[in-house]
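# A closer look at the structure
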Amino acid sequence: MIRWGIIGTGKIARTFAAALQGLDNSVTAAVASRTLENAQSFAEEFGFEKAYGSYEELARDESIDIVYIATPMHKHYEDTLLCLENGRNVLCEKSIALNTKQAEEMFAKAEEKGLFLMEAMWMKMRPAYLKVRQWINEGRIGDIRYIKADFNNFIPFDKNDRLFKPECGGGALLDLGVYPITFAVALMGEPSSIETHAHIGSCGIDLSNSVTLLYPNGAFASTTSGFEVQNRNNAVIAGDKGSITMGDWFFCSPECTLYDAESRQIEDRLFPPEINGYEYEIREAEKCLAEGLKTSRAVPPEETLTIMRIMDECRRVWDLKFPQESAL
Ligand SMILES: NC(=O)c1ccc[n+]([C@@H]2O[C@H](COP(=O)([O-])OP(=O)(O)OC[C@H]3O[C@@H](n4cnc5c(N)ncnc54)[C@H](OP(=O)(O)O)[C@@H]3O)[C@@H](O)[C@H]2O)c1
């Protein structure tokens, strides 16, 4: 049995807690909020044993095996270090940090303390994604020449929403773009260069962006993310012997389809989630803990850091710094 703690009681914490409730080996042990009242009502709703009115109290609770950090981007660094300093393993939401420097320090601290740290990149543990990887590894589409992956959700401007606040690490790139970029890097590796454009809003964050990853063999991946339009967000992986599509909202799509070089459908697979789709990353973290691993092979730190470097480079090109970085 793995005893889970959750830090933050927002939208994704609720979804994650619902997945924990459906798993036999996972114990909903403690939840922490900035207010005790929130923590108590969350604990009651999702059957948590303990509720804390501060993140510190949960971090110090020695009965907790692993803490899931579900706070906004700008808090991940601080909240992860708090847990690691107090001896807790951590599964931290995406994007793992504001920038590469923070992420490197987080992984270095986990290593120093001999603790587990993984970015909660749930896409990579989902069955449809694993099937796509398998097809690629079997050579079913040959060498990948091109990937297209998008994540654009229309979100009306709200000055109080973390997504539009630079001080919260807002912007489409870190919130949405991290998925298509991770997808491309996981399947094609680290690019040799990137080309990127962004529409920066008057609130000081990227409202929409495009990031093209370029590879030495001429292959490339084209990604977009943004809050300004709503699209279907599917993905295509094209190789010299065939292609693969992933259904709408590719990063959580249950569906993937394999085509041959003439675009004839060869195989179509559907993997409905067992609970709500977050069960796979929970199982991965629990398996790592059971095996005594300090990092996940499914979401390796080297890859997380590669993606952070790409996102840093995008923001360098756009001349967009978060307020926390202004002295850098
Ligand atoms: N994996 C996924 O599918 C997925 C989906 C959505 C979001 N996410 C990620 O999950 C994280 C949280 O996103 P969310 O949509 O759940 O956010 P949210 O609804 O705004 O919740 C964030 C929670 O963090 C806590 N918090 C601590 N400091 C805060 C601050 N200064 N401002 C606002 N909240 C603060 C709050 O909990 P307390 O008041 O209880 O302390 C708040 O409820 C982000 O990193 C996001 O990228 C992942």
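Refer to the structure presented above.
Here's what I pulled together on the structure shown here. None of these values were measured; they are calculated from a predicted model.

Cut-offs applied
Residues numbered from 1 in each chain as written. Predicted model: local features only at pLDDT ≥ 70, side-chain atom pairs only at ≥ 80, totals over all residues. Heavy atoms only, no water. Helix = DSSP H or I, 4+ residues; strand = E, 2+ residues; numbered from the N terminus. Buried < 20%, exposed > 50% of the residue type's maximum accessible area, 1.4 Å probe, protein only. Contact = heavy atoms within 4.5 Å. Near = heavy atom within 4 Å. Polar contact = N/O pair within 3.5 Å; in protein donor to acceptor, adjacent residues only side chain to side chain. Areas by Shrake-Rupley, 256 points an atom, 1.4 Å probe, with all protein chains shown as cover. 1 Å grid on protein atoms, 1.4 Å probe; cavity = no way out; pocket = protein on both sides within 12 Å on 5 of 7 lines; lining within 4 Å. Sits in = over half its atoms within 2 Å of the grid points. Salt bridge = Lys/Arg side-chain N within 4 Å of Asp/Glu carboxyl O. Pairing = 2+ DSSP bridges. Axes fitted to C-alpha atoms, helices over the stretch in contact; angles between N-to-C directions.

### Structural notes on the environment of Tyr 215
- Examined against the element boundaries, Tyr 215 turns out to sit in the loop between strand E9 (206-214) and strand E10 (220-226).
- Exposure remark for Tyr 215: the relative accessible area of 9% places this residue in the buried category.
- For the pair Tyr 215 and Glu 105, spaced 110 residues apart in sequence, the C-alpha separation works out to 28 Å.
- Apart from the residues lying within four places of it in its own chain, the contact partners of Tyr 215 are Ala 184, Val 185, Met 188, Gly 189, Glu 190, Pro 191, Ser 192, Phe 220 and Ala 221.

### Thoughts on the site of the ligand
- In the region of the ligand, 22 residues are neighbours, and Thr 9, Ser 33, Tyr 55, Lys 94 and Tyr 278 sit closest.
- Contact between the ligand and Tyr 55: an oxygen atom at 2.5 Å from a side-chain N or O atom of the residue.
- The contact in question runs from an oxygen atom of the ligand to an N or O atom on the backbone of Thr 71, over 3.3 Å.
- Expressed as a share of its isolated accessible area of 890 Å², the protein-covered part of the ligand is 83%.
- The pocket occupied by the ligand, as judged from atoms lying within 2 Å of grid points, is the largest pocket.
- Those elements giving two or more residues to the shell around the ligand turn out to be helix H1 (11-21), helix H4 (73-85) and helix H7 (172-188).
- In terms of residue count, the dominant contributor to the shell around the ligand is H4 (4 residues).

### Points about the pattern of salt bridges
- Overall, the coordinates contain 25 salt bridges when judged by the stated rule.
- Of the charged contacts, one joins Glu 49 and Arg 3 as a salt bridge, the two residues approaching to 2.8 Å between their closest N and O atoms. One end of the pair, Glu 49, is in the loop between helix H2 (36-46) and strand E3 (50-52); the other, Arg 3, is in strand E1 (residues 2-7), with 46 residues separating them in the sequence.
- The exposure class of Arg 3 is partly exposed, given its relative accessible area of 21%.
- The closest approach of N and O atoms between Asp 260 and Arg 264, which form a salt bridge, is 2.9 Å.
- Three or more residues joined by partner-sharing salt bridges are found here, namely Glu 85, Lys 109, Glu 112 and Lys 113.

### Considerations on the sheet that holds strand E7 (residues 144-152)
- One open sheet accounts for 8 strands, arranged E8-E9-E10-E7-E11-E12-E13-E14; its pairing is mixed. Here the strands that pair on one side only, and so sit at the sheet edges, are strand E8 (193-200) and strand E14 (265-270). Recorded for the sheet is a direction-independent mean angle of 10° between the axes of neighbouring strands.
- In the sheet, E9 pairs with E10 via 7 bridges, with the strands oriented antiparallel. What sits directly across from Val 211, in E10, is Thr 223.
- Together, E7, strand E11 (235-239), strand E12 (242-246), strand E13 (255-260) and E14 form the strand contacts of helix H6 (residues 127-137), whose direction differs from that of E13 by roughly 20°.

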